[in-house]
Amino acid sequence: MANIMNMKKDMKCVEHLPNTNGVKHVPDTNGVERVPNTNGVEHAPYTNGVEHVLITNGVEHVPNTNGVEHAPYTNGVEHVLNTNGVEHLPETIDALVVGAGFAGLAMLHALRERGYSAKIFEAGHEIGGTWHWNRYPGARCDVESMQYSYSFSDELQQQWHWSERFAKQPEILRYLNHVVDKFDLRKHIQLETRVTSVIYDEDRSQWAITTNRDDHIIAKFCIMATGCLSIPKDPNIKGLDQFKGNVYSTSHWPADDVSFIDRRVAIIGTGASGVQCIPMIAKQATHLYVFQRTPNFVIPANYEPVDSEYEDDWKSNYTQRRRQSLESPAGIFFGYVNDSSIATMTDAERFEEGWKRGGFSFYTAFQGRLNDKAISEIISKLICDKIRKTVKDPAVAETLFPYDHLFGTKRPCVTSQYYETFNRDNVTLVDIRNKNIDEITPTGIQIEDKHYDVDDIVLAIGFDAITGAIFNIDIHGRSGQTLRDKWTIRPRTLLGLMMAHFPNLFTITGPGSPVDLGNMIPHIEENVKWIINCIDYLKMHNIDSIEPTVNAQNAWMDHVDMVAGQILCSTGNSWYNGSSLSGKTNCVMRYAGGFNNYLKMCENAAMHDYAQFFVLKRSP
Ligand SMILES: Cc1cc2nc3c(=O)[nH]c(=O)nc-3n(C[C@H](O)[C@H](O)[C@H](O)COP(=O)(O)OP(=O)(O)OC[C@H]3O[C@@H](n4cnc5c(N)ncnc54)[C@H](O)[C@@H]3O)c2cc1C
């Protein structure tokens, strides 16, 4: 401690005190001192001139934003200095949750309800996750809101009134804020705080977490609720920074209203977000250019208000319907649709019936048969027929036909008035399947010898999905092993919930789970239940840590691959097998064997005191 205080006083002197390891500080050419690391690698002083110091394990200390240095604790745990210079131990809590979307909030609520000290660090300036960041015009859920909502409190689901069957983004965000207030969670959430590193202390079986705001926190458990679609893809388009107009990203949309009236607009991307905002922007813009590389199948959503009959029906049957959704392959309850009528229909008639039902109810017309390639081919062809009938210009219609995948091999897009939008005089579809955007110029988009003059550009290019947010955090497990190293070839988990070598670290809807298979809310809630029960178990039995065995993890990943090999769903190029991102290995990232089957395996893993799949370390 004395050394550190002296160093601070000596800041302007030429020589600093030697480090405890006896290595002298060496002056830099510009007279600013550098400090060699234990491994001999020099590190630079902080920009404000305050030096970094080494703790015993070679990890650098970083000065606080107020310029005050952290001091190493004798047992290796860092002390943090108050603004008044008094040292204190970093805050120690039972569980730190990263992210305040549906998953993080449900996890925080469960932890608090069971009496654990817990908090959330959230990078955004508001809670809500997906529904805070994605405020683009037309943003809505594609699973009906009566189901795309929490089930953990009957009082909540009975009280809350959804105005539309598929709620718009502002209503979902309002709902999440209502949840936060109703369950008094806000005081445990720290916003505008990005977790940067999560380092395991094996001796104490606890995690040391640091943030971009220099928070230091110690937690027995760390739960990644960082989202599968929370890190936007890097646009990587030449010249984007020289564009003089506005550039918007659907996944980081401004909170203030954006008007496209009297504007010429380009939208790049026709995935789930692109297809939702294209009809909305087309209604305002002078002209809308839609740059499409990969067309998707788009199913009509049939948006309508919630009437009292529908709402009462749901509210009086909620318990049973929520249970039935857990027993379904996609976490969605479809039972209210009368299926007996379709039993005798031809495939073409079923298709019409499904198209009329709209949204994911479309699937009910072909129940259980969508993994049959022949059915997929029939549906794909019938959707192309629909596009041909809807879009007046045959060349435009043909450009909208999906060419690289069959229906059912990717999550289809759901929205309203999509294909109809291409009949508008102010909408131009630009096919960039076989040509790249050469450059963004100050006034528009250049492709080969054609320049598109525009005032605004909207990027709807998708996400660094499933692993992006976790990769962004520097995670060190047992023996300093890093998650980035462990996942170089592919992400490996047990059930998308835990990783070998990373004890007491949980992921909600992590890679290897049925992520984004259907309705994500039951998936999130079931993961939260599994985690909280596990934490309770450890506490009750005085167990310090839990992690999957390497064998169990390997067996799970083999199973994930085996199921993917059998199922049509794994054949499409998509973000959920990593293939939408250059530099990412194309591998199976999610379990496609059905949400219902996944839940049985989660239950199985916890049986027999977790002993079959996990290593448990008891307190000495
Ligand atoms: C436009 C859109 C529409 C969707 N519609 C549906 C739908 O209809 N049905 C459905 O089932 N799913 C839908 N999804 C998927 C959706 O992501 C999930 O349903 C759900 O909202 C995920 O919740 P989450 O809490 O897991 O993640 P998110 O909501 O993504 O929240 C994760 C949070 O973690 C924060 N975070 C990440 N890294 C850090 C860090 N290092 N430090 C601090 N904070 C961090 C992020 O800022 C983010 O706020 C949609 C996704 C998008 C993008």
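Residues numbered from 1 in each chain as written. Predicted model: local features only at pLDDT ≥ 70, side-chain atom pairs only at ≥ 80, totals over all residues.

- Taking an unreviewed UniProt entry as the reference, the protein is identified by name as Cyclohexanone monooxygenase belonging to Adineta steineri.
- The UniProt entry for the protein carries the following text under Sequence similarities (unreviewed entry): "Belongs to the FAD-binding monooxygenase family."
- Entered under Cofactor (unreviewed entry) in the UniProt record, the comment concerning the protein runs "FAD". (UniProt positions renumbered as here; feature names shortened; annotations may be inferred.)

## Observations concerning the overall build of the protein
Working step 1: Along the protein, the regular secondary structure elements total 17 helices and 27 strands.
Working step 2: When each of the 620 residues of the protein is scored for burial, the buried share is 43%.
Working step 3: Within the protein, contacts between residues at least 6 apart in sequence are counted, and of these 65% link residues at least 24 apart. (Helix = DSSP H or I, 4+ residues; strand = E, 2+ residues; numbered from the N terminus. Buried ≥ 20, exposed ≤ 12 C-beta atoms within 10 Å, placed from the backbone. Contact = placed C-beta atoms within 7 Å.)

## Side note on the sheet that holds strand β21 (residues 450-453)
Within a sheet, each strand pairs with its neighbour through backbone hydrogen bonds, oriented either parallel or antiparallel.
Working step 1: Taken in spatial order, the three strands of this open sheet run β19-β20-β21, and their pairing is antiparallel. Looking at which strands have only one partner, the edges of the open sheet turn out to be β19 (439-441) and β21. In this sheet, adjacent strand axes meet at a mean angle of 25° when their direction is disregarded.
Working step 2: The pairing of strand β20 (residues 444-447) with β21 spans four bridges and is antiparallel. Looking at the pairing, I447 lines up with K450 of β21. (Pairing = 2+ DSSP bridges. Axes fitted to C-alpha atoms, helices over the stretch in contact; angles between N-to-C directions.)

## Some words on unusual backbone geometry
Working step 1: You will see that D214, though not glycine, has its phi angle at about 65°, which is positive.
Working step 2: Mapped onto the elements, D214 comes out in the loop between β11 (206-211) and β12 (216-224).
Working step 3: Using a count of 16 C-beta atoms within 10 Å as the deciding quantity, one classes D214 as partly exposed.
Working step 4: Despite not being glycine, L495 has its phi angle at roughly 65°, a positive value.
Working step 5: Inspection of the secondary structure assignment puts L495 in the loop between α14 (483-486) and β24 (498-499).
Working step 6: The buried category is assigned to L495, around which 26 C-beta atoms lie within 10 Å.

## Re the confidence of the model for the protein
Working step 1: Looking at the protein as a whole, the pLDDT averages 85, with 82% of positions reaching at least 70.
Working step 2: Confidence drops under pLDDT 50 across residues 1-78; counting only partners more than four residues distant or on other chains, this segment forms 100 contacts. (pLDDT = per-residue confidence, 0-100.)

## Details of the packing of helix α15 (residues 520-540) against helix α17 (residues 595-606)
Working step 1: Their axes nearest at 11 Å, the elements α15 and α17 cross at an angle of 0°. Relative to α17, α15 is oriented roughly parallel. Here H523, E526, W530, N533 and C534 of α15 come into contact with α17, specifically with F595, L599, C602 and A606. (Parallel < 35°, antiparallel > 145°, perpendicular 65-115°, else oblique.)

## Comments concerning the site of the ligand
Working step 1: Not every one of the 36 residues close to the ligand is listed here, only the nearest: G99, G101, G129, C141 and G227.
Working step 2: Those elements that provide at least two residues to the shell around the ligand are α2 (102-113) and α15.
Working step 3: In terms of residue class, the shell around the ligand is built from 19 nonpolar, 14 polar and three charged. (Near = placed C-beta within 6 Å. Nonpolar A, V, L, I, M, F, W, Y, C, P; charged D, E, K, R; others polar.)

## So, α2
Working step 1: Look at α2: 17 Å from first C-alpha to last across twelve residues, which is about the 16 Å you get at 1.5 Å a residue.
Working step 2: Of all twelve residues in α2, ten are buried, a share of seventy percent or more.
Working step 3: Among all positions in α2, only F102, A103, G104, L105, A106, M107, L108, H109, A110 and L111 are buried.
Working step 4: Two residues or fewer past α2, G115 is found with a positive phi of approximately 90°. (Expected span 1.5 Å × (residues − 1).)

## Thoughts on the sheet that holds strand β18 (residues 427-431)
Working step 1: Across the sheet, five strands lie side by side as β13-β22-β14-β15-β18; this open sheet has parallel pairing. The open sheet terminates on both sides in strands that have one partner only, identified here as β13 (246-249) and β18. Looking at each pair of strands side by side, their axes are set apart by 20° on average, direction ignored.
Working step 2: Looking at chain direction, strand β14 (residues 264-268) and strand β15 (residues 287-292) are connected through five bridges and run parallel.

## Comments concerning the nonpolar core
Working step 1: In terms of nonpolar packing, the biggest core is built from 151 residues, with L96, V97, L105, M107, I223, I267 and I281 touching the most fellow members.
Working step 2: Each of domain 2 (92-231 + 466-554 + 602-617) and domain 3 (240-459) contributes no fewer than three residues to this core.
Working step 3: If sequence neighbours within four positions are ignored, I281 has contacts with P137, F260, V265, I267, L288 and V458. (Core = buried A, V, L, I, M, F, W, Y, C linked by C-beta atoms within 7 Å. Domains from an automatic or database assignment.)

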